[in-house]
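# Secondary and tertiary structure notes
Listed below, chain by chain, are the residues.
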Amino acid sequence: MREHGARAIRLVSLPLLCFAAVSAAPIAWADGPQSSPSIFAPASTPASSIQDLSWFVLAITGGIFVTVGGLLAWAIFRYRARKTDDDSEPAQIYGSTQVELAWTVIPILIVVVLFLTTARIIFAIQDAPKPQVALDVTVVGHQFWWEFRYPKLGIVTANELHVPVSSALEPRPTFLHLLSADVDHSFWVPQLAGKTDLIPNHPNDMWIDPRHTGLYVGQCAQFCGVEHAKMLLRVYVDTPEEFDTWVKQQRQPGMQDSSVAAGRHIFETEACTNCHTIAGTAATGTFGPNLTHLESRATIAAGAALNTTENLHAWIQDPDHFKPGALMPAMQLSGEQIDELVAYLTTLH
Amino acid sequence: MADQTLPIAGSLDVTPQRLSRAQVLEWLHGWVVTVDHKRLGILYVVYGIIFLLVAGAEAMAIRIQLAWPGMHFLSPELYNEMFTMHGTTMVFLVGMTILFGFANYLVPLMIGARDMAFPRLNAFSFWMTAFGGLLIYYSFIGGFGLYGMGAAPDVGWWAYAPLTARAFSPGHATDYWALALIVAGFGTLGTAINIIATALSMRCRGMSLLRMPLFVWLMLVTSALTLITITPLTAAQIMLLIDRYLGGHFFDTQAGGSAVVWMHFFWIFGHPEVYVLVMPAFGIANEIIPVFSRKAIFGYPAMVAASVGIAFVSMGVWAHHMFTVGMTSVGNAFFVLSTMLVGIPTGIKIFNWVATIWGGKIRFATPMLFCLGFLFQFLIAGLTGIMLSVAPWNWQLHNSYFVIAHFHYVLVGAIVFNIFAGIYYWYPKVTGRMLSETLGKWHFWLFLIGFHITFDTMHFVGFLGMPRSIYTYEPDRGWNHLNFIISIGGMIQGIAVLIFAWNLVQSYFRGRKAGNDPWDAWTLEWSTPSPPPAYNFATDPVVHSRRPLWDLKHPEDPDWKYEA
Ligand code: HEM
Ligand SMILES: [Cu+2]
Ligand SMILES: [Cu+2]
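A brief structural summary. (Residues numbered from 1 in each chain as written. Chains lettered and ligands numbered in written order. Predicted model: local features only at pLDDT ≥ 70, side-chain atom pairs only at ≥ 80, totals over all residues. Heavy atoms only, no water.)

### So, the sheet that holds strand 9 (residues 214-219) of chain A
Residues and elements named next belong to chain A. Filter applied, for reference: Only strands that DSSP links by at least two bridges are regarded as paired with each other. Elements are defined by DSSP. Helices are runs of H or I of four residues or more, strands are runs of E of two residues or more, and each kind is numbered from the N terminus. Note on geometry: axes are C-alpha line fits, over the in-contact stretch for helices, and angles between N-to-C directions span 0 to 180 degrees.
The strand order across the open sheet built from three strands is 4-10-9, with neighbouring strands paired in mixed fashion. The open sheet is flanked by strand 4 (160-164) and strand 9, the only strands paired with a single partner. Strand-to-strand twist across the sheet, computed as the mean angle between neighbouring axes with direction ignored, equals 25°. Pairing of strand 4 with strand 10 (residues 232-238), which is carried by five bridges, proceeds in the parallel orientation. Residue pairing in the sheet places Pro 164 in a bridge with Asp 238 of strand 10.

Here it is as structure tokens:
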């Protein structure tokens, strides 16, 4: 009897214990407080209304778990076979219409409540009207990097999105129009909004209205090929002043600095121009990121490396070094040529 | 009883003999040409277990790579091949084959028949499926054809267009994937037809539809669902091949094709497919839980109705895999509702299982332990499914590790747990010997612990924004330790499965003799010798209730007095 009882207790408590331990784990183990793009640290209306909804759903499902799981655990414990039992079989019960009816109706009621709450949030987020002041950005997914176009501002940039902060008094939401140049991608910055896919031939839209300035990270969330893991996203939420300064700077043509003319010459005579644009030069390619203001970005290759002189050098020498499979070829340039190129690129503020 | 004891036993020469080459060949030949449902069932299950080990090894490789950020254990290409092959193998070559193997072995025995309705179709189906598996694994060697370089499919088991177009997936790996699934799919269709015909027309006298064991009911419903669900998959694969080789533009977005149409085709297959996998697992639980609780299943008619209900509703929910592709708000709301509706019959099933245990005398043998694990885990899996069906929340959770956690809770926590339960339960019938209970307990507890360490934790990295299908991640995202824990749990499960494999082998030679009915069970298969003779039943059985052996064992209190 002892043995059976102990076994039953172990049996019941283990899953529950595991669950409890693991529930506490993220708090103890998630490294670094602010770095995580958690869906429970929202900073924009779509993300926070999703969070509110998710607490509600968690409460209901948690309640169901505790009730049903508790009944199950208790039944296993209470009705375990004991050594003292005789050989007789327990009473056979084949069913009960009343009981079964009751436990059909309760889930139906729960579904009605969950559905209505969910539907309200779907419409609130998805069909939100676009205000006049909204900023428009077109996002184009490419195999392993992001292109951002600001059609009304005449800006084209890559991988690091700048948007103005929005507030209740001065709402300034950003509406993203999502396109793809090749395969499916998905735009996901958890703290700002849920994800929306970028699908070729199937334009999508989403919006964000970040309430706090700062950097929000995310990444492509639809498998898009070999370097899908390194298709990272950075969204900078700027104060209105910072944003205006950034816009002004981005609208300048590429910097002209005669001290790096050699590097510029290499850039313009090598294949770089087929894939990259630098406004004000002969380079007008669109297959790769626009480099006109490369130095205004903190990272290169969609977040695969920090934007430093050494990293630029390593990248041009062999893109596979950071991102094996990236769609930029190694150009077989000499060390000096790359030095000159990098010297030129680092003037592109 | 069958003719196990020959009248002239004493006159037989029993000196041990070396097996000659001819004998081995004959034995092998016997297995290849067999049309016996029991042998085919065994072939299916063994085949599935071999692939379980293969796909398990792929999972281990994946988890080593992700144990810490910036690992270089697998190259990005190889990582993508690993998760594609892991998913494809587990769904098509492990889940489907083992469960259909159970059906093959058990359905005729449970309904008192001597074989399936179409024994030759049965053999054909198995070998088609087997060939499909070899075909897809051959791509490791021949994926690039002329270049002689190996490569496996690397587009994900969902294989979204246009990544599968020739422009983005050159070489032949994707072709192997598409062809293999077409071939294996025909095998699956054949078996489904066979099971339907068998369950409908081969039942013994007295076994009305409402006296069929629930396992048979669930296989019947599953097979009907299979016929509906495999068809769009096959169609889509053919369209994909037309795109790749005959200049079609179904999914070629550069030429006006539609990526979204592929998604619809895939998930019209894909969602019902997950029910094709889970319903046989329900069937196993429906057999085991009553026997080890010593009670009849609670609410048999409701269980049947819920199964049929789930099958129907599950055909109208597929786009809950597509909440982020930009459907209209009304479209999203529709699929929220239909998905949540699945929760109702699912809930009924769980309640009925709890009620079956209630008032019983539970025996904690290994099969029952696995079934109890299943009950808890399936409860949680259903609840995370409800969370995922809340479209706005899905916009966050979709394609994150939360989804991986949800479906592994179902596929491992429910289906694999029940497959293990089923193997512990029926192995004595199939081989005549019991599996070791000691190793079984080790297997159960290690697997349970490993399972929870891995998959509970995955929910939380999902909350922290970690997407699926990535071969590495940034060190500053707060995911490092959690991933390390997940990987440890994976290894523990790996060890548990090896113990299981060892148990299977050693018990075959040294296990305790089982006898006809080691669990004191109630369905017809336990009335035959273990292993059953080729013809199953010497005389056609006649049944009067859902538990014919209960009636025999309790003539004073038979079931047929109570059943409606
Ligand atoms: C109450 C029952 C269930 C509900 C409400 C439910 C709901 C969902 C939803 C909404 C998704 C989409 C998640 C996403 O990709 O964003 C999903 C994914 C999935 N579910 Fe379930 N589910 C349930 C039961 C099951 C069962 C029984 C199985 C398997 C036997 C299963 C297997 C899967 C799989 C494999 C996926 C992921 C497919 C992929 O993206 O690769 N689910 N489930
Ligand atoms: Cu991408
Ligand atoms: Cu689904």
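### Some remarks on the nonpolar core
Just so we agree on the cut-off: Nonpolar cores are built from buried Ala, Val, Leu, Ile, Met, Phe, Trp, Tyr and Cys residues. Side-chain atoms within 4.5 Å join them into one set. Residue exposure (1.4 Å probe, protein chains only): buried if accessible area is under 20% of the type maximum, exposed if over 50%, otherwise partly exposed. Domain borders in the structure are assigned automatically or taken from a domain database. In this analysis, two residues are considered to be in contact whenever any of their non-hydrogen atoms come within 4.5 Å of each other.
In terms of nonpolar packing, the biggest core is built from 260 residues, with Phe 187 of chain A together with Phe 102, Trp 262 and Trp 353 of chain B touching the most fellow members. When residues of this core are assigned to domains, at least three map to each of domain 1 (2-82 + 94-126) and domain 2 (135-239) of chain A. Beyond its immediate sequence surroundings of up to four residues, Phe 102 of chain B is in contact with Val 45, Val 107, Phe 215, Ile 284, Ile 419, Gly 422, Ile 423 and Trp 426 of chain B. In terms of nonpolar packing, the next biggest core, distinct from the first, is built from 25 residues, Val 260, Leu 312, Trp 315 and Phe 322 of chain A among them.

### Quick notes on the packing of aromatic side chains
So the rule is basically this: Between rings of Phe, Tyr and Trp, where Trp is taken as its six-membered ring, a pair exists when centres lie within 6.5 Å; planes separated by under 30 degrees are stacked, by over 60 edge-to-face, and by other angles tilted. Counted as over-ring charges are cases with an Arg CZ or a Lys NZ within 6 Å of the ring centre that also lie within 35 degrees of the ring normal.
On inspection of all chains with the given rule, the structure shows 66 aromatic pairs over all chains. Relative to Trp 207 of chain A, the ring of Phe 175 of chain A has its centre 6.2 Å away and its plane inclined at 15°; by these criteria the two rings are stacked. Placement of Phe 175 of chain A in strand 5 (residues 174-180) and of Trp 207 of chain A in strand 8 (residues 204-208) is noted, with a sequence separation of 32 residues between them. In this structure Phe 175 of chain A comes out as buried when scored by relative accessible area, which is 12%. An aromatic cluster is built from Phe 370, Tyr 409, Phe 417, Phe 420, Tyr 424, Phe 444, Trp 445, Phe 447, Phe 451, Phe 455 and Phe 500 of chain B, whose rings are joined through pairwise contacts. Stacked on the ring of Trp 158 of chain B, the Lys or Arg Arg 468 of chain B has its end atom at 4.5 Å from the ring centre.

### Structural notes on the site of ligand 1
Residues and elements named next belong to chain B. Stated formally: If a single non-hydrogen atom of a residue is within 4 Å of a molecule or strand, that residue counts as near it. Polar contact is defined as a pair of N or O atoms within 3.5 Å, subject to the rule that within protein one atom must be able to donate a hydrogen and the other to accept it, and that residues adjacent in sequence are counted only when both atoms are side-chain atoms. For this scheme, ten residues count as nonpolar: Ala, Val, Leu, Ile, Met, Phe, Trp, Tyr, Cys and Pro. Four count as charged, namely Asp, Glu, Lys and Arg, and the remainder, Gly too, count as polar.
The full set close to ligand 1 counts 21 residues, and Val 274, Asn 394, His 398, His 406 and Arg 468 are the nearest of them. A distance of 2.9 Å is found between an oxygen atom of ligand 1 and a side-chain nitrogen or oxygen belonging to Asn 394. Of all the elements in the fold, those that place two or more residues in the shell around ligand 1 are helix 7 (259-293), helix 10 (366-389) and helix 12 (401-431). Here the residues of the shell around ligand 1 are counted per class, giving eleven nonpolar, nine polar and one charged.

### Topic: the pairing of strand 1 (residues 135-142) of chain A
Look at any regular strand and the pattern is simple: side chains alternate between the two faces of the sheet. All names here are of chain A. A large share of strand 1 lies buried, amounting to eight of its eight residues. Of the two faces of strand 1, both are covered, the one formed by Leu 135, Val 137, Val 139 and Gly 141 as well as the one formed by Asp 136, Thr 138, Val 140 and His 142. Relative to strand 5, strand 1 is paired through seven bridges, and the arrangement is parallel. Following the sheet pairing, Gly 141 is matched in strand 5 by Ser 180. Where strand 1 and strand 2 (residues 145-150) come together, five bridges link them in antiparallel fashion. Opposite Gly 141, over in strand 2, you have Trp 146 as the bridge partner. Here strand 1 folds back onto strand 2 in antiparallel fashion, the turn holding two residues, of which Phe 144 has a positive phi close to 80°.

### Comments concerning the side chain of Asp 243 of chain B
All names here are of chain B. Definition in use: His is not counted, nor are the chain ends, whereas Lys and Arg count as positive and Asp and Glu as negative. When a carboxyl oxygen of Asp or Glu lies within 4 Å of a side-chain nitrogen of Lys or Arg, that pair is called a salt bridge.
For Asp 243, the location among the structural elements is in helix 6 (residues 214-245). Buried charged residue Asp 243 carries no salt bridge. Nearest counter-charge: Arg 244, at 9.1 Å. A distance of 3.1 Å separates the side chain of Asp 243 from the backbone nitrogen of His 249, its partner in a polar contact.

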